Amino acid sequence: MKLRPLHDRVIVKRLDQETKTASGLIIPDNAAEKPDQGEVLAVGPGKRNDKGEINVLNIKVGDRVLFGKYSGQTVKVDGEELLVMKEDDLFAVVEK
């Protein structure tokens, strides 16, 4: 990857939303109100606190995370859309 996030930022690749329910109904994009999911591709080293110590992030590469629909900044790298966001913008890690 050609992006190296700084401080408490992470690089996330957005995963496709489910567009069909268990019963087979198709959900249009504008009706989906669920938080978006993505896979963490890169993690910054952490942010320095008041004492100068680095607070390590709780997220690691490969984690599947939930985030808000408008969270982060979209960037294009090698034709692929990625999100750069702070760790605070993430809602949760999806456990497998």
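1. A closer look at the environment of Val 75
Now for step 1: As for its placement among the helices and strands, Val 75 is situated in strand β6 (residues 73-77).
Now for step 2: Residue contacts for Val 75: discarding those within four places in its chain leaves Leu 3, Glu 80, Glu 81, Leu 82 and Val 84.

2. Some remarks on the pattern of salt bridges
Now for step 1: Considering all chains together, one arrives at three salt bridges under this definition.
Now for step 2: Of the charged contacts, one joins Lys 13 and Glu 80 as a salt bridge, the two residues approaching to 3.2 Å between their closest N and O atoms. You can see Lys 13 sitting in strand β1 (residues 9-14) and its partner Glu 80 sitting in strand β7 (residues 80-86), a full 67 residues away along the chain.
Now for step 3: For the salt bridge of Asp 36 with Arg 14, the shortest nitrogen-to-oxygen distance reads 2.5 Å. One end of the pair, Asp 36, is in strand β2 (residues 36-43); the other, Arg 14, is in strand β1, and 22 residues separate them in sequence.
Now for step 4: Exposure remark for Arg 14: the relative accessible area of 36% places this residue in the partly exposed category.

Conventions we followed
Residues numbered from 1 in each chain as written. Predicted model: local features only at pLDDT ≥ 70, side-chain atom pairs only at ≥ 80, totals over all residues. Heavy atoms only, no water. Helix = DSSP H or I, 4+ residues; strand = E, 2+ residues; numbered from the N terminus. Contact = heavy atoms within 4.5 Å. Salt bridge = Lys/Arg side-chain N within 4 Å of Asp/Glu carboxyl O. Buried < 20%, exposed > 50% of the residue type's maximum accessible area, 1.4 Å probe, protein only.

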